[in-house]
Amino acid sequence: MPLTHTRELFTKALKGKYALGAFNVNNMELLQAIIEACEEEKAPVMLQISKGARQYANPVYLKKLIEAAVSLSTIPIAVHLDHGDTFELCKECIDEGFTSVMIDASHEPFEKNVEITKKVVEYAHKHNCVVESELGHLVGAQFDEGEEGGAHSTSGHYTEPDEAVKFVKETGCDSLAVAIGNSHGAYKFKGEQHLDLERLKLIKKALMDAGMGDYPLVLHGASSVPKDLAVEINKYGGKMGEDTAGVPESDIEIARRTGCTKVNIDTDLRLAMTAAIRKVFFENPKEFDPRKYLGPARAKVKELVRHKIKDVLCCAGHAFD
Ligand code: G3H
Ligand code: 13P
Ligand code: ZN
(Lines give C-alpha, C1' and ligand atoms only; values in the text may rest on other atoms or scores of the structure.)
(Ligands and ions follow the chains in the order given, each with its own letter.)
Protein backbone atom coordinates (compact mmCIF):
# COMPACT_ATOMS: atom_id res chain seq x y z
CA MET A 1 0.00 0.00 0.00
CA PRO A 2 1.44 3.44 -0.93
CA LEU A 3 1.36 6.50 1.33
CA THR A 4 -2.06 8.02 1.78
CA HIS A 5 -2.36 11.69 0.97
CA THR A 6 -2.65 14.10 3.89
CA ARG A 7 -5.56 15.76 2.07
CA GLU A 8 -7.52 12.51 2.15
CA LEU A 9 -6.79 11.96 5.84
CA PHE A 10 -7.94 15.52 6.64
CA THR A 11 -11.15 15.20 4.64
CA LYS A 12 -12.08 11.98 6.42
CA ALA A 13 -11.10 13.24 9.85
CA LEU A 14 -13.20 16.40 9.45
CA LYS A 15 -16.15 14.32 8.30
CA GLY A 16 -15.73 11.74 11.07
CA LYS A 17 -15.10 14.39 13.75
CA TYR A 18 -11.95 12.75 15.04
CA ALA A 19 -8.38 14.03 15.22
CA LEU A 20 -5.35 12.55 13.52
CA GLY A 21 -2.40 11.77 15.72
CA ALA A 22 0.75 13.31 14.28
CA PHE A 23 3.57 11.48 16.00
CA ASN A 24 7.26 12.36 15.62
CA VAL A 25 9.57 9.71 14.25
CA ASN A 26 13.32 9.68 14.86
CA ASN A 27 14.26 6.01 14.76
CA MET A 28 13.03 2.51 14.03
CA GLU A 29 11.66 1.70 17.46
CA LEU A 30 9.49 4.82 17.61
CA LEU A 31 8.18 4.13 14.12
CA GLN A 32 7.38 0.50 14.90
CA ALA A 33 5.64 1.46 18.13
CA ILE A 34 3.42 4.03 16.39
CA ILE A 35 2.60 1.81 13.43
CA GLU A 36 1.90 -1.31 15.51
CA ALA A 37 -0.48 0.57 17.80
CA CYS A 38 -2.28 2.21 14.86
CA GLU A 39 -2.45 -1.04 12.92
CA GLU A 40 -3.93 -2.93 15.87
CA GLU A 41 -6.41 -0.14 16.58
CA LYS A 42 -7.18 0.48 12.91
CA ALA A 43 -6.29 4.15 13.04
CA PRO A 44 -5.05 6.39 10.22
CA VAL A 45 -1.82 8.09 11.18
CA MET A 46 0.47 10.98 10.33
CA LEU A 47 4.16 10.36 10.80
CA GLN A 48 6.05 13.58 11.21
CA ILE A 49 9.71 14.22 10.72
CA SER A 50 11.48 17.30 12.02
CA LYS A 51 14.64 18.90 10.71
CA GLY A 52 16.38 17.47 13.78
CA ALA A 53 15.11 13.96 12.97
CA ARG A 54 16.53 14.29 9.46
CA GLN A 55 19.86 15.41 10.86
CA TYR A 56 19.86 12.60 13.44
CA ALA A 57 18.75 9.63 11.37
CA ASN A 58 19.50 10.73 7.79
CA PRO A 59 16.59 11.38 5.38
CA VAL A 60 17.27 8.22 3.38
CA TYR A 61 17.13 5.97 6.45
CA LEU A 62 13.87 7.59 7.50
CA LYS A 63 12.40 7.25 4.02
CA LYS A 64 13.33 3.56 3.83
CA LEU A 65 12.03 2.87 7.33
CA ILE A 66 8.71 4.46 6.44
CA GLU A 67 8.60 2.51 3.19
CA ALA A 68 8.99 -0.65 5.26
CA ALA A 69 6.23 0.44 7.63
CA VAL A 70 3.91 1.21 4.75
CA SER A 71 4.56 -2.11 3.03
CA LEU A 72 4.03 -4.10 6.24
CA SER A 73 0.78 -2.44 7.30
CA THR A 74 -2.72 -1.89 5.98
CA ILE A 75 -3.63 1.44 7.61
CA PRO A 76 -3.47 4.84 5.85
CA ILE A 77 -0.14 6.55 6.57
CA ALA A 78 0.81 10.13 5.63
CA VAL A 79 4.26 11.67 5.99
CA HIS A 80 4.67 15.24 7.12
CA LEU A 81 7.59 17.64 7.64
CA ASP A 82 7.33 19.07 11.16
CA HIS A 83 8.46 22.70 11.64
CA GLY A 84 10.16 23.25 8.31
CA ASP A 85 12.06 26.48 8.81
CA THR A 86 13.03 27.36 5.24
CA PHE A 87 11.60 27.12 1.73
CA GLU A 88 14.58 24.95 0.78
CA LEU A 89 13.87 22.33 3.47
CA CYS A 90 10.19 22.24 2.51
CA LYS A 91 11.12 21.86 -1.16
CA GLU A 92 13.49 19.00 -0.34
CA CYS A 93 10.72 17.13 1.48
CA ILE A 94 8.14 17.85 -1.21
CA ASP A 95 10.59 16.49 -3.80
CA GLU A 96 11.12 13.41 -1.64
CA GLY A 97 7.39 12.69 -1.73
CA PHE A 98 6.16 13.90 1.68
CA THR A 99 2.38 14.24 1.53
CA SER A 100 2.48 17.46 3.55
CA VAL A 101 4.96 19.96 4.92
CA MET A 102 4.84 22.57 7.63
CA ILE A 103 6.47 25.89 6.97
CA ASP A 104 7.02 27.53 10.31
CA ALA A 105 7.79 31.20 9.86
CA SER A 106 5.64 32.13 12.84
CA HIS A 107 8.54 33.94 14.50
CA GLU A 108 8.58 36.41 11.60
CA PRO A 109 6.33 39.49 11.37
CA PHE A 110 2.93 38.80 9.76
CA GLU A 111 3.82 40.02 6.26
CA LYS A 112 7.08 38.07 6.16
CA ASN A 113 5.31 34.94 7.42
CA VAL A 114 2.77 35.40 4.59
CA GLU A 115 5.53 35.84 2.02
CA ILE A 116 7.47 32.71 3.04
CA THR A 117 4.33 30.59 3.43
CA LYS A 118 3.01 31.71 0.03
CA LYS A 119 6.24 30.66 -1.65
CA VAL A 120 6.03 27.18 -0.10
CA VAL A 121 2.32 26.86 -0.96
CA GLU A 122 2.99 27.78 -4.57
CA TYR A 123 5.65 25.09 -4.96
CA ALA A 124 3.80 22.50 -2.86
CA HIS A 125 0.51 22.83 -4.70
CA LYS A 126 2.25 22.39 -8.05
CA HIS A 127 3.57 19.11 -6.64
CA ASN A 128 0.39 17.84 -5.01
CA CYS A 129 1.56 18.49 -1.47
CA VAL A 130 -0.42 19.96 1.41
CA VAL A 131 0.96 22.88 3.46
CA GLU A 132 0.55 23.61 7.16
CA SER A 133 1.61 27.00 8.41
CA GLU A 134 1.60 28.63 11.84
CA LEU A 135 0.29 31.96 12.99
CA GLY A 136 0.91 33.25 16.45
CA HIS A 137 3.91 32.35 18.48
CA LEU A 138 4.29 29.38 20.81
CA VAL A 139 6.33 29.86 23.95
CA GLY A 140 9.59 27.89 23.91
CA ALA A 141 11.38 26.07 21.13
CA GLN A 142 9.79 26.59 17.74
CA PHE A 143 12.10 24.10 16.17
CA ASP A 144 15.45 22.62 16.99
CA GLU A 145 16.77 24.93 19.60
CA GLY A 146 20.53 24.80 19.34
CA GLU A 147 20.47 23.53 15.78
CA GLU A 148 21.33 25.91 13.00
CA GLY A 149 18.32 28.04 12.23
CA GLY A 150 16.64 27.33 15.56
CA ALA A 151 14.62 29.89 17.44
CA HIS A 152 13.53 30.12 21.03
CA SER A 153 11.07 32.46 22.57
CA THR A 154 10.09 33.12 26.14
CA SER A 155 7.01 35.16 25.28
CA GLY A 156 4.11 33.73 23.32
CA HIS A 157 1.77 35.55 20.99
CA TYR A 158 -1.70 34.09 20.66
CA THR A 159 -3.38 33.65 17.28
CA GLU A 160 -5.97 36.34 16.57
CA PRO A 161 -9.11 35.06 14.78
CA ASP A 162 -9.27 37.92 12.25
CA GLU A 163 -5.56 37.58 11.48
CA ALA A 164 -6.04 33.84 10.96
CA VAL A 165 -8.64 34.55 8.29
CA LYS A 166 -6.41 37.13 6.59
CA PHE A 167 -3.43 34.77 6.76
CA VAL A 168 -5.24 31.77 5.26
CA LYS A 169 -6.74 33.93 2.50
CA GLU A 170 -3.43 35.54 1.60
CA THR A 171 -1.26 32.42 1.74
CA GLY A 172 -3.61 29.67 0.55
CA CYS A 173 -2.20 27.32 3.18
CA ASP A 174 -4.22 24.14 3.72
CA SER A 175 -4.13 23.94 7.51
CA LEU A 176 -3.17 26.28 10.29
CA ALA A 177 -1.30 25.67 13.52
CA VAL A 178 -2.64 27.93 16.23
CA ALA A 179 -1.08 29.44 19.33
CA ILE A 180 -3.63 29.24 22.13
CA GLY A 181 -1.38 28.79 25.14
CA ASN A 182 0.23 25.61 23.82
CA SER A 183 3.98 25.06 23.83
CA HIS A 184 6.47 22.28 23.20
CA GLY A 185 8.23 20.07 25.71
CA ALA A 186 7.64 18.78 29.24
CA TYR A 187 7.24 22.12 31.06
CA LYS A 188 4.30 23.76 29.38
CA PHE A 189 2.53 25.79 32.02
CA LYS A 190 3.78 27.84 34.93
CA GLY A 191 0.38 28.68 36.34
CA GLU A 192 -3.02 27.36 35.37
CA GLN A 193 -2.70 24.31 33.18
CA HIS A 194 -5.12 25.05 30.35
CA LEU A 195 -5.41 26.06 26.72
CA ASP A 196 -7.45 29.07 25.60
CA LEU A 197 -10.20 26.94 24.11
CA GLU A 198 -12.55 29.92 23.74
CA ARG A 199 -10.03 31.47 21.37
CA LEU A 200 -9.86 28.21 19.42
CA LYS A 201 -13.65 28.31 18.95
CA LEU A 202 -13.42 31.92 17.75
CA ILE A 203 -10.67 31.07 15.25
CA LYS A 204 -12.69 28.17 13.87
CA LYS A 205 -15.83 30.29 13.64
CA ALA A 206 -14.03 33.20 11.98
CA LEU A 207 -12.68 30.86 9.29
CA MET A 208 -16.11 29.31 8.81
CA ASP A 209 -17.82 32.72 8.60
CA ALA A 210 -15.22 33.87 6.07
CA GLY A 211 -16.22 31.01 3.76
CA MET A 212 -13.32 28.64 4.48
CA GLY A 213 -15.70 25.88 5.55
CA ASP A 214 -14.63 23.33 8.13
CA TYR A 215 -11.00 24.47 7.96
CA PRO A 216 -8.43 22.10 9.53
CA LEU A 217 -6.61 23.51 12.53
CA VAL A 218 -3.50 21.98 14.04
CA LEU A 219 -2.56 21.73 17.69
CA HIS A 220 1.17 21.65 18.39
CA GLY A 221 2.51 20.91 21.83
CA ALA A 222 -0.27 18.45 22.58
CA SER A 223 1.61 16.14 24.91
CA SER A 224 -0.10 15.70 28.26
CA VAL A 225 3.19 14.96 30.06
CA PRO A 226 1.74 12.22 32.32
CA LYS A 227 2.90 12.62 35.91
CA ASP A 228 3.38 8.87 36.29
CA LEU A 229 6.02 8.92 33.55
CA ALA A 230 7.95 11.75 35.21
CA VAL A 231 7.72 9.90 38.53
CA GLU A 232 8.91 6.67 36.91
CA ILE A 233 11.84 8.40 35.22
CA ASN A 234 12.91 9.91 38.55
CA LYS A 235 12.37 6.64 40.43
CA TYR A 236 14.92 5.04 38.14
CA GLY A 237 17.54 7.76 38.42
CA GLY A 238 16.24 10.53 36.19
CA LYS A 239 15.90 14.19 37.06
CA MET A 240 12.65 15.50 35.68
CA GLY A 241 11.79 18.78 37.42
CA GLU A 242 8.92 19.08 39.89
CA ASP A 243 7.20 21.45 37.52
CA THR A 244 6.53 19.18 34.54
CA ALA A 245 3.18 20.11 33.03
CA GLY A 246 1.28 19.12 29.92
CA VAL A 247 -2.05 19.78 28.27
CA PRO A 248 -4.83 17.98 30.16
CA GLU A 249 -6.31 15.29 27.94
CA SER A 250 -9.75 16.78 28.58
CA ASP A 251 -8.52 19.96 26.83
CA ILE A 252 -7.30 17.92 23.86
CA GLU A 253 -10.73 16.33 23.60
CA ILE A 254 -12.39 19.74 23.49
CA ALA A 255 -9.82 20.90 20.94
CA ARG A 256 -10.66 17.86 18.83
CA ARG A 257 -14.37 18.58 19.01
CA THR A 258 -13.71 22.23 18.17
CA GLY A 259 -11.86 21.33 14.99
CA CYS A 260 -8.23 20.54 15.68
CA THR A 261 -7.85 17.92 12.99
CA LYS A 262 -4.17 17.24 13.54
CA VAL A 263 -2.72 16.87 17.03
CA ASN A 264 1.07 16.81 17.43
CA ILE A 265 2.60 14.55 20.05
CA ASP A 266 6.30 14.02 20.59
CA THR A 267 7.28 14.70 24.21
CA ASP A 268 5.01 11.97 25.64
CA LEU A 269 6.70 9.42 23.38
CA ARG A 270 10.10 10.60 24.57
CA LEU A 271 9.04 10.29 28.19
CA ALA A 272 7.64 6.79 27.73
CA MET A 273 10.79 5.66 25.96
CA THR A 274 13.07 7.18 28.59
CA ALA A 275 11.09 5.71 31.50
CA ALA A 276 11.30 2.20 30.03
CA ILE A 277 15.01 2.41 29.27
CA ARG A 278 15.86 3.82 32.70
CA LYS A 279 13.89 1.02 34.37
CA VAL A 280 15.91 -1.66 32.58
CA PHE A 281 19.23 -0.02 33.43
CA PHE A 282 18.23 0.57 37.04
CA GLU A 283 17.01 -2.97 37.59
CA ASN A 284 19.77 -4.62 35.60
CA PRO A 285 22.90 -2.46 35.45
CA LYS A 286 24.77 -5.30 33.79
CA GLU A 287 22.53 -5.23 30.72
CA PHE A 288 24.22 -4.15 27.50
CA ASP A 289 22.14 -5.72 24.76
CA PRO A 290 20.29 -2.79 23.10
CA ARG A 291 17.38 -5.07 22.28
CA LYS A 292 16.82 -5.62 25.99
CA TYR A 293 16.16 -1.93 26.62
CA LEU A 294 14.92 -0.72 23.24
CA GLY A 295 12.37 -3.58 23.15
CA PRO A 296 10.62 -2.50 26.39
CA ALA A 297 10.91 1.14 25.28
CA ARG A 298 9.12 0.31 22.04
CA ALA A 299 6.42 -1.59 23.94
CA LYS A 300 5.81 1.34 26.30
CA VAL A 301 5.58 3.89 23.46
CA LYS A 302 3.16 1.56 21.68
CA GLU A 303 0.80 1.47 24.68
CA LEU A 304 0.98 5.26 24.99
CA VAL A 305 0.08 5.70 21.31
CA ARG A 306 -2.76 3.19 21.70
CA HIS A 307 -4.17 5.24 24.57
CA LYS A 308 -3.94 8.50 22.60
CA ILE A 309 -5.63 7.22 19.46
CA LYS A 310 -8.38 5.33 21.33
CA ASP A 311 -9.19 7.51 24.29
CA VAL A 312 -8.16 11.03 23.33
CA LEU A 313 -8.08 11.54 19.57
CA CYS A 314 -10.82 9.00 18.76
CA CYS A 315 -9.29 8.08 15.41
CA ALA A 316 -9.11 4.38 16.34
CA GLY A 317 -11.43 2.31 14.16
CA HIS A 318 -11.44 4.91 11.36
CA ALA A 319 -8.65 3.52 9.15
CA PHE A 320 -10.99 2.08 6.55
CA ASP A 321 -13.87 4.61 6.57
O1 G3H B 1 8.01 20.47 17.91
C2 G3H B 1 9.07 19.90 17.94
C3 G3H B 1 9.08 18.41 17.95
O4 G3H B 1 8.93 17.91 19.24
C5 G3H B 1 10.31 17.93 17.26
O6 G3H B 1 11.39 18.12 18.08
O7 G3H B 1 12.98 19.34 16.63
O8 G3H B 1 13.77 18.08 18.66
O9 G3H B 1 12.99 16.85 16.63
P10 G3H B 1 12.90 18.11 17.45
P1 13P C 1 4.97 18.13 22.37
O2 13P C 1 6.29 18.65 22.78
O3 13P C 1 3.89 18.62 23.29
O4 13P C 1 4.92 16.66 22.23
O5 13P C 1 4.63 18.77 20.94
C6 13P C 1 5.11 18.16 19.77
C7 13P C 1 4.93 19.02 18.59
O8 13P C 1 4.23 20.00 18.57
C9 13P C 1 5.65 18.65 17.37
O10 13P C 1 5.51 19.58 16.35
ZN1 ZN D 1 5.33 21.57 17.08
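Check the entry above for the structure.
Before going into details, it helps to say that this report is about the structure given with it. In this text, all values refer to a predicted model and were calculated from it rather than measured experimentally.

Cut-off values and rules
Residues numbered from 1 in each chain as written. Chains lettered and ligands numbered in written order. Predicted model: local features only at pLDDT ≥ 70, side-chain atom pairs only at ≥ 80, totals over all residues. Heavy atoms only, no water. Disulfide = S-S within 2.5 Å. Buried < 20%, exposed > 50% of the residue type's maximum accessible area, 1.4 Å probe, protein only. Helix = DSSP H or I, 4+ residues; strand = E, 2+ residues; numbered from the N terminus. Arc of directions from axis to C-beta. Contact = heavy atoms within 4.5 Å. Near = heavy atom within 4 Å. Polar contact = N/O pair within 3.5 Å; in protein donor to acceptor, adjacent residues only side chain to side chain. Areas by Shrake-Rupley, 256 points an atom, 1.4 Å probe, with all protein chains shown as cover. Nonpolar A, V, L, I, M, F, W, Y, C, P; charged D, E, K, R; others polar. Salt bridge = Lys/Arg side-chain N within 4 Å of Asp/Glu carboxyl O. Axes fitted to C-alpha atoms, helices over the stretch in contact; angles between N-to-C directions. Parallel < 35°, antiparallel > 145°, perpendicular 65-115°, else oblique. Core = buried A, V, L, I, M, F, W, Y, C linked by side-chain atoms within 4.5 Å. Pairing = 2+ DSSP bridges.

**Some words on the state of the cysteines**
Cysteine pairs can be covalently joined through their sulfur atoms, and such a bond is termed a disulfide. Tallied over the full model, the rule gives zero disulfides. No disulfide involves cysteine 129; its sulfur sits 8.5 Å from that of cysteine 90, the nearest cysteine. Free cysteine cysteine 260: the closest other cysteine sulfur is in cysteine 314, separated by 14 Å.

**Side note on helix H7 (residues 161-171)**
When we look at burial in H7, the residues that qualify are Pro161, Ala164, Val165, Phe167, Val168 and Thr171. The buried side chains of H7 occupy one side of the element, clustering within an arc of 165° when seen end-on. Exposed residues pointing more than 90 degrees away from the buried face of H7 are listed as Asp162 and Lys169. Next to the buried residues of H7 lie helix H6 (110-126), strand S5 (130-135), strand S8 (175-178) and helix H8 (197-212). Once H7 finishes, glycine 172 follows within two positions and takes phi at roughly 75°, a positive value.

**Some details on the site of ligand 2**
Near ligand 2 lie 15 residues; those nearest to it are Asp82, Lys188, Ser223, Asp266 and Thr267. Here an oxygen atom of ligand 2 and a side-chain polar atom of histidine 83 are 3.2 Å apart. Contact distances for ligand 2 include 3.1 Å between an oxygen atom and a side-chain N or O atom of asparagine 264. Relative to its unbound accessible surface of 300 Å², ligand 2 loses 97% to contact with the protein. Within the residue set of the shell around ligand 2, elements represented by two or more residues are strand S3 (77-84) and strand S10 (260-265). Of the residues contributing to the shell around ligand 2, the split by class is two nonpolar, 10 polar and three charged.

**Description of the pattern of salt bridges**
This structure, assessed with the given rule, holds 28 salt bridges. A salt bridge links lysine 204 to aspartate 214, with the shortest nitrogen-to-oxygen separation between them at 2.7 Å. Of the two residues, lysine 204 sits in helix H8 while aspartate 214 sits in the loop between H8 and strand S9 (217-219), which places them 10 residues apart along the sequence. Residue lysine 308 is joined to aspartate 268 by a salt bridge in which the shortest nitrogen-to-oxygen separation is 2.8 Å. Residue lysine 308 is located in helix H12 (residues 290-312), and its partner aspartate 268 is located in helix H11 (residues 267-283); the two are separated by 40 residues in the primary sequence. Taken together, the shared-partner salt bridges connect Glu36, Glu40, Glu41, Lys302, Glu303 and Arg306 into one network.

**Let's talk about the packing of H8 against helix H10 (residues 249-258)**
Helix-helix packing is described using two parameters, namely the angle between the two axes and the distance between the axes. Viewed as axis vectors pointing N to C, H8 and H10 meet at an angle of 10°, and their least axial separation amounts to 10 Å. Comparing the axis directions of H8 and H10 gives the class roughly parallel. In contact with Leu197, Leu200, Lys201 and Lys204 of H8, H10 contributes Asp251, Ile254, Ala255 and Thr258. In terms of residue class, the contact of H8 with H10 is made up of four nonpolar, one polar and three charged.

**Description of the nonpolar core**
Core analysis: the biggest nonpolar cluster contains 102 residues, and Phe23, Ile34, Val101, Leu176, Leu217, Leu269 and Val305 have the highest contact counts within it. When residues of this core are assigned to their parent elements, the largest contribution, eight residues, is made by H11. For valine 101, the residues in contact, after removing those within four places along its chain, are His80, Leu81, Cys90, Cys93, Ile94, Val120, Cys129, Val130, Val131 and Glu132.

**A look at the sheet that holds strand S4 (residues 100-103)**
An order of S1-S2-S3-S4-S5-S8-S9-S10 is seen for the eight strands of this closed barrel, with the pairing classed as parallel. Neighbour-to-neighbour, the strand axes of the sheet open up by a mean angle of 25°, direction not taken into account. Of the strand pairs in this sheet, strand S2 (residues 45-50) and S3 are connected by six bridges, and their pairing is parallel. Its bridge partner lying in S3, leucine 47 is registered against valine 79.

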